[in-house]
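Listed below are the residues making up each chain.
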Amino acid sequence: MALYSRVSGFVGLITLQNPPVNALSAAVRQGIVDMVERALGDPNVKSVVICGQNGNFCGGADIKEFGTNMSGPPLVPMIDAIEAANKPVVAAIEGSALGGGLELALGCHYRIAHSKARLGLPEVTLGLLPAAGGTQRLPRLVGVPAALNLITTGRHVTATQALQLGIVDQVTDHNAVDVAVKFSLSVAGQSLDARRISTYPCPLPSDSDALFEGVMQKVRQRAHGAIAPVACVQAVRAAATLPYSKGMEREQELMATLFTSGQARAQQYCFFAQRAVGRWRMPSGARWDTSKPRPVHKAAVIGLGTMGRGITVALAQTGLSVVAVETQEKQLMEAKQAVSGMLERGAKRHGVAPTLDRISYSQNIHAVAEVDLVIEAVFEDMALKTEVFQQLSAVCKPGTLLCTNTSALDVDKLASKMPNPELVVGMHFFAPAHVMKLLEVVYGPRSSPQAVATAMQLGKKMGKVSVAVGNCRGFVGNRMLMPYLQQAFFLLEEGATPELVDRALEEFGFPMGVFRMSDLSGLDVGWRVRKRDELVEPDMASGQSARIRQGSRYSPLGDLLCEQGRFGQKTGRGWYQYDKPGSRVARSDPWLHSFLVEYRARHGLVPRSIDQQEVLERCLYALINEGFRILEDGIAAGPEDIDVIYVFGYGWPKHRGGPMFYAGMVGLAKVLERLEHYQQAHPDVPYLQPCSLLRRLVASGSPPIHRWREAIKKRQSQL
Ligand SMILES: C[C@H](O)[C@H](C)C(=O)SCCNC(=O)CCNC(=O)[C@H](O)C(C)(C)COP(=O)([O-])OP(=O)([O-])OC[C@H]1O[C@@H](n2cnc3c(N)ncnc32)[C@H](O)[C@@H]1OP(=O)([O-])[O-]
């Protein structure tokens with residue numbers, strides 16, 4: 001709803017009230033319509049100020065209403081009425097003015113923002129476009145190029161940036177409502193004709209066709225199949241080429257195509273899933289709202305390789321003091337330089353001062369005696385990690401949390417060797433650690449809820465999307481990656497090429513297909529893990545037996561490439577060829593194609609034609625199937641946890657919602673039927689054996705994804 005009060009004698013103050021972000025629900029919209037009418041009809045009122053309760057202007061349309069029968073007054077005429085008002089209406093912006101919230105402010109005659117406010121039109125991140133006049137008013141106010149950038153990226157701008165762009169008229173460090181009330185009286189009675197943005201001509205860039213073509217090309221490239229960014233460009237183009245009313249019709253037309261699209265549903269699911277994973281729970285029953293985190297004022301990082309350096313930067317950027325330890329002097333000096341460089345570049349990008357002084361460097365592990373939390377990022381070796389953890393247990397003050405950045409080792413095994421195993425959790429960052437949003441917080445049966453709560457809270461403070469998951473081989477992300485990678489290798493054996501497999505996955509929406517990604521991250525990384533698991537055998541053999549390990553089908557293709565030093569981009573050769581080591585542009589490699597032909601012949605494999613549909617079904621359904629096993633094992637509490645991990649850590653396209661959401665969209669029965677089909681064709685591939693949770697969900701009528709948790713809980717309570 002919206003509250004009304006008269007302040008300073010002659011100002012009608014309308015306060016949006018819908019905590020926590022004053023979203024424009026039906027009740028709020030009705031409140032605004034009623035209160036604006038009241039203020040404009042009150043002869044004692046000379047001007048009007050619109051603000052939001054609790055220091056937050058408005059987070060936009062109420063996303064929770066999407067997908068329901070929406071009622072209440074529509075936004076567009078509500079905002080048009082404000083713009084047409086005969087008394088000045090001033091928006092007092094504190095906190096956020098996003099989406100419909102900013103569109104409401106653009107309908108006002110003036111905008112005053114607090115210096116800490118954030119503004120933007122992020123609808124594209126929800127699979128939509130600004131549909132309350134944003135695509136028509138913003139270009140008229142700030143010009144086409146700036147409007148295109150804000151609307152197609154959905155990025156938020158600071159109040160200062162908004163002032164520079166011309167979105168707001170004033171920025172204040174004082175209470176924005178007070179400033180707006182005073183300002184509104186100062187302009188009362190003045191003509192408003194020049195303050196109605198919809199009447200402005202849209203400033204046309206010199207060669208607007210070329211500009212729009214250029215932007216559309218870039219947007220399509222970046223979108224990887226998402227339709228909303230393309231519609232955003234089309235809507236802004238309407239602003240540049242049509243009168244306001246016609247442009248508004250075009251905006252509504254385009255929004256109608258997006259609003260009911262599967263992509264919009266997927267992206268809105270991701271919005272709420274990202275918030276749901278913050279409400280974590282462990283199989284023990286411990287949960288986010290009953291487990292109190294320990295305060296962390298000082299943290300440490302042990303091991304300053306690539307991951308250690310990124311983690312140090314991410315910690316320092318939170319303002320925490322950090323102790324960075326590296327026993328090798330040369331490595332320490334190089335790390336110091338690298339970390340300083342990353343901090344300076346980050347600070348420059350955000351227009352803030354770098355926090356170099358927050359970090360102290362040392363070769364001596366005793367330097368961490370007084371910290372509250374340690375993140376270990378030494379080489380992936382259990383013996384080495386155990387030694388480091390035992391030193392830390394001896395050096396650190398009581399209660400210090402010991403976190404490991406391992407991506408594959410058994411966190412509980414490590415904890416079992418410590419005097420205080422309850423203080424041990426995994427904090428699995430993704431490279432580059434100061435950039436990638438995802439953090440897997442890994443708990444074992446001995447980890448205390450307080451340790452998990454502390455790691456989750458620190459992750460949020462580092463700007464990460466943190467997901468609490470149980471300890472198992474590969475945790476959630478890497479565990480699901482195994483069947484995905486395996487199917488990709490098998491498809492090559494059966495006749496596919498890396499180009500075909502990657503094209504299918506990239507057209508699905510992944511920024512990079514599995515083989516290009518493998519070349520980027522380095523084939524030797526997986527090779528080392530397979531060697532450690534004694535899966536790699538010398539390539540003398542041929543025929544079926546050479547492709548069986550521990551009773552299951554195995555493809556030695558990756559091992560064979562590594563034995564030839566083909567590690568990917570870093571060696572200039574992998575599944576593709578590159579101009580030189582380190583270059584990033586992948587080109588088809590005739591050597592690889594003849595190697596595959598020779599390999600198939602040597603192993604008696606008859607290649608067949610494979611289409612993109614089969615690639616997608618085998619790679620994605622095998623991955624999804626492992627997701628169901630993870631849910632069944634209680635390693636992830638719900639499908640949202642898995643989907644957030646894949647969207648924020650593994651490049652799963654947001655407009656596809658995530659592996660589990662996608663399975664629901666395709667239809668669980670279809671996924672099950674296809675898995676059974678491929679399992680029949682490949683009985684020696686256990687990963688294709690449909691998971692019993694999937695079977696049970698199908699048997700119970702394939703309930704919608706938000707009801708899977710109860711099906712899982714029911715099952716676990718039966719176990
Ligand atoms: C016509 C028009 O053109 C179109 C069509 C639109 O306008 S489409 C809508 C466009 N607007 C957006 O995209 C902005 C979305 N919101 C945000 O970006 C952030 O929320 C925030 C504003 C920057 C605050 O961040 P936060 O970190 O302080 O808190 P939070 O945890 O994120 O959010 C706190 C709680 O508020 C809920 N929430 C936030 N924004 C909401 C919204 N717009 N609608 C409904 N609920 C919302 C959120 O789910 C969470 O709930 P719960 O989990 O506690 O139950």
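Throughout, a residue's number is its position along its own chain's written sequence, starting from 1. Since the coordinates come from a predicted model, pLDDT governs what is reported: local features require at least 70, and pairs of side-chain atoms require 80 or more to be given and counted, while whole-chain, interface and lining totals use all residues. With hydrogens and water set aside, each side-chain value is computed from the structure's full complement of heavy atoms.

The protein appears in an unreviewed UniProt entry as Peroxisomal bifunctional enzyme from Sander lucioperca. Comment text from UniProt for the protein, heading Pathway (unreviewed entry), reads "Lipid metabolism; fatty acid beta-oxidation." UniProt positions are given in the numbering used here, feature names are shortened, and annotations may be inferred rather than shown by experiment. Reading the Subunit (unreviewed entry) entry of the UniProt record for the protein gives the comment "Monomer."

**What to know about the nonpolar core**
Throughout this description, the term nonpolar core refers to a set of buried Ala, Val, Leu, Ile, Met, Phe, Trp, Tyr and Cys residues connected via side-chain atoms within 4.5 Å. The classification of residues rests on relative accessible area computed with a 1.4 Å probe and restricted to protein chains. Under 20% of the type maximum is buried, over 50% is exposed, and intermediate values are partly exposed. Core analysis: the largest hydrophobic core is formed by 107 residues, its most contacted members being V368, L392, W575, L620 and F628. Secondary structure elements follow DSSP: runs of H or I of four or more residues count as helices, runs of E of two or more count as strands, with numbering from the N terminus. Top contributing element to this core by residue count: helix α23 (residues 612-632), with 11 residues. Two domains each donate at least three residues to this core, and these are domain 2 (298-469) and domain 3 (496-602). The contact criterion used throughout is that any non-hydrogen atoms of two residues lie within 4.5 Å. Not counting residues within four places of it along the chain, the set of residues in contact with W575 comprises F489, L492, P498, F515, S518, D519, L523, L557, G558, L561 and L592. If you look at the next biggest cluster of nonpolar residues, it comprises 72 residues, including F57, L102, M216 and C232. Just so you know, the domain bounds were taken from an automatic or database domain assignment.

**Focus on the environment of Q390**
Mapping Q390 onto the fold places it in helix α14 (residues 382-395). Of the residues examined, Q390 reaches a relative accessible area of 40% and is grouped as partly exposed. Placed 25 residues apart in sequence, Q390 and A415 show a C-alpha to C-alpha distance of 9.9 Å.

**As for the domain arrangement of the protein**
Segmenting the protein into domains produces domain 1 (2-250), domain 2 (298-469) and domain 3 (496-602). Measuring from the centre of the C-alpha atoms in domain 1 to the corresponding centre in domain 2 gives 42 Å.

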